[in-house]
Amino acid sequence: MINQQLLNPRSIVVIGGSNNVHKPGGSIVRNIINGGFDGPLHIVNPKEDEVQGIKVFHDVKDVPESELAVLVVAAKFCPDYVDYLCKEKGVRAFVIISAGFGEETKAGAELEKRILDTCEKYGAALIGPNCIGLLNRNHHSVFTLPIPNLNPLGVDFISGSGATAVFILESAVIKGLQFNSVWSIGNGKQIGIEDVLQYMDEHFDAKKDSKVKLLYIENIANPDKLLFHASSLIRKGCRIAAIKAGSSESGSRAASSHTGAIASSDSAVEALFRKAGIVRCFSREELTTVGCIFTLPELKGRNFAIVTHAGGPGVMLTDALSKGGLNVPKIEGPEAEELKSKLFPGSSVANPIDFLATGTAEQLGTVIDYCENKFDHIDAIAVIYGTPGLTQLYEAYDVLDKKIRACKKPIFPVLPSLHTAGPEVEEFLKKGHVNFSDEVTLATALSQIMRTPQPAPSELELYGVDVPKIRDIIYRETHRLKFEGLESGYLAPDAVRELLSCAGIPLVPEMVSISKEELTAFAGKVGFPVVAKVVGPVHKSDVGGVTLNIRTPEHLALEFDRMMKIQDATGVMVQKMLKGTELFIGAKYEERFGHVVLCGLGGIFVEVLKDVSSGLAPLSYGEAYSMIHSLRGYKIIKGTRGQKGLNEQKYAEIIVRLSTLLRFATEIKEMDINPLLADEHDVVAVDARIRIERS
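This report concerns the structure included in the present document.

Rules used in this analysis
Residues numbered from 1 in each chain as written. Predicted model: local features only at pLDDT ≥ 70, side-chain atom pairs only at ≥ 80, totals over all residues. Heavy atoms only, no water. Helix = DSSP H or I, 4+ residues; strand = E, 2+ residues; numbered from the N terminus. Buried < 20%, exposed > 50% of the residue type's maximum accessible area, 1.4 Å probe, protein only. Contact = heavy atoms within 4.5 Å. Phe/Tyr/Trp six-rings, centres within 6.5 Å; stacked < 30°, edge-to-face > 60°. Pairing = 2+ DSSP bridges.

1. So, the environment of Ala652
No. 1: With respect to the element layout, Ala652 can be found in helix α24 (residues 648–663).
No. 2: Look at Ala652 and you get buried, because its relative accessible area is 0%.
No. 3: Separated by 308 residues in the primary sequence, Ala652 and Phe344 place their C-alpha atoms 53 Å from one another.
No. 4: Not counting residues up to four positions away in its chain, the partners in contact with Ala652 are Tyr621, Ala624, Tyr625 and Ile628.

2. What to know about the packing of aromatic side chains
No. 1: Throughout the structure, instances matching the rule amount to 8 aromatic pairs.
No. 2: Aromatic side chains Tyr397 and Phe428 sit 5.8 Å apart centroid to centroid with 55° between the ring planes, which places their arrangement in the tilted category. Of this pair, Tyr397 sits in helix α14 (residues 394–406) while Phe428 is found in helix α15 (residues 422–430), placing the two residues 31 residues apart along the sequence. Just as Tyr397 is buried, Phe428 falls in that class too.

3. What to know about the side chain of Thr144
No. 1: Its location among the elements puts Thr144 in the loop between β9 (140–142) and β10 (150–159).
No. 2: If sequence neighbours within four positions are ignored, Thr144 has contacts with Asn31, Ile132 and Val166.

4. A short note on the pairing of strand β21 (residues 530–535)
No. 1: For β21, the buried fraction is high: 6 of the 6 residues fall into the buried class.
No. 2: Residues Val530, Ala532 and Val534 point to one face of β21 and Val531, Lys533 and Val535 to the other, with burial holding for every one of them.
No. 3: The sheet contact formed by β21 and strand β22 (residues 546–550) spans 3 bridges and is antiparallel. Each residue of the ladder has a partner; that of Lys533, found in β22, is Val546.
No. 4: One ladder, built from 6 bridges, connects β21 with strand β23 (residues 571–576); its direction is antiparallel. Directly across from Val535, in β23, lies its bridge partner Gly571.

5. Focus on unusual backbone geometry
Outside of glycine, negative phi angles account for most residues, and trans bonds account for most peptide bonds.
No. 1: In this chain, Gly128 is followed by Pro129 through a cis amide linkage whose omega measures -5°.
No. 2: Pro352 follows Asn351 through a cis peptide bond whose omega is 5°.
No. 3: Residue position: Pro352 is located in the loop between α12 (334–341) and β16 (353–354).
No. 4: The backbone phi angle of Asn130 is positive, close to 65°, even though this residue is not glycine.
No. 5: If you trace the backbone, Asn130 turns up in the loop between β7 (125–127) and β8 (133–136).
No. 6: Positive phi, normally seen in glycine, also occurs at Leu356, with a value near 75°.
No. 7: Here Leu356 is to be found in the loop between β16 and α13 (361–373).

So this is what it looks like as structure tokens:
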């Protein structure tokens, strides 16, 4: 419930404001005053007569009506203050800094509920509790430093953690990143990260509003809302990057103890971000670096020119860009020789363009002009320019300033000399620029941006999937579980085949039977060699329940007799034996997220290397291709070292069809098709298992 009283209050009251700027109550008042708030600022403190030059009210009953209240008092006092201020003083927005609520104890959660109930009753907005506050161009209601430069084109930053927000601001300010607003939502009892995005989406003005959003998330309370509004903002021209902390088991525990957050699996988060088009980051430095990149003209291609007067950093940036799938192409030909003639002897223009430590500011400008105007295969320019402490860099950075403003190709300034050239870098940043002081961090962030797909289409296409028949099968199987007195269970092979057939997923010819004669006849019909698998045990290989390359009826008869003696065996499956590269598709139902679909190469790639990619069902073809392309083993699918590639189109089609099946069968909680066998012509499902639960 975000309102104008929260965003642009005409008056503010601080409950617990003080003269001690080393405590939250004092620093909040200091920041509001220094931020230039132009409305009445009231302070309540029973022990002070004047706070930072402002007359103080000893009792809240004496305070004039106000629009926004900032509470910096013990948690136990907050519910009564909120109730009184709403009822008697017309307050319709609260920022509660205080901790000691639901993140700590059940008693604290009760206090929190009282506050929330009151706010809902009076239609009041609530930020917090347990936060650092709200900072925008209208009021600086935060108790922390630094206060970044604020302008309408700066970044909107939303954080689920106050301390992390401060550390991210520290990282951003050094880089020159400017802000439009900073939201610390704390426990987020009324206004969470999803709600802030919803407000920004529904009130978005392309001419006035910031187009860059940075998020630090510990809990995704409403994945659907986050997906809808993040992807909507991106389609409107915004760019969004986020850290989702608590992806490991230990990290989830830490996040829970911090804000009471409910952990989400990492694959679900990865899938959600991919579907929304959110760039995923894993550190403060990476997040603020991505934010800085977002403020520059959008990168249209993958070819970089590296301009430097220091060879080593140019080499490291070349390595890092290449590792991330970006290119540093060779520069040669008459125009390259022409550029070289304008530089000092010993300079190199092959790319990186190294114009030596003695290179001048004028030469820097010349090199950039050639990259901009004469080297058509170059899409972007990275300029690494520091100092060994022998010269001042004002002239060089002035040239860089002018070129960044004039060039159509994005220029990424890497100015590493923060100590020896601190004043020059500071002046450069004051002109509105950003600085990437570490070239490898820049390359990592660029690679992550380039790997992030656009938001997936919101429309659901059925692709011929037989939804009514799927529902009939699920209805039948859940009632079978109920009849057997079970809450969950694995489907029989015949039911698995029925479901996959409804989705149009190609299947290897197979038969399940308890009759040796039937299976032998089937094998003769489809042709030897065949594969035999025990039916019943979940992990067939672990109990010796899989035999490959059976070439005769006699061998099949021996394997049938052996497998039927395995514990829990209920039959034997015989399949036509196919050759090909093993692929894998799996899915797991995640509470609040839906089905997370996983794909990858089979065998060691899944089991040992964990090389899988995730997507959130239902998936479009674009999402499926993005998942496949993001695999580390993608070169095998594409074809490498003389080997023919696999049928990527059919693999993507199976991923899409499976995700559509899952969309209409939420009773399926786990499934995998492992392996699918693929060659350049076809992709066929060989083995699958599906576990369902009764709803």
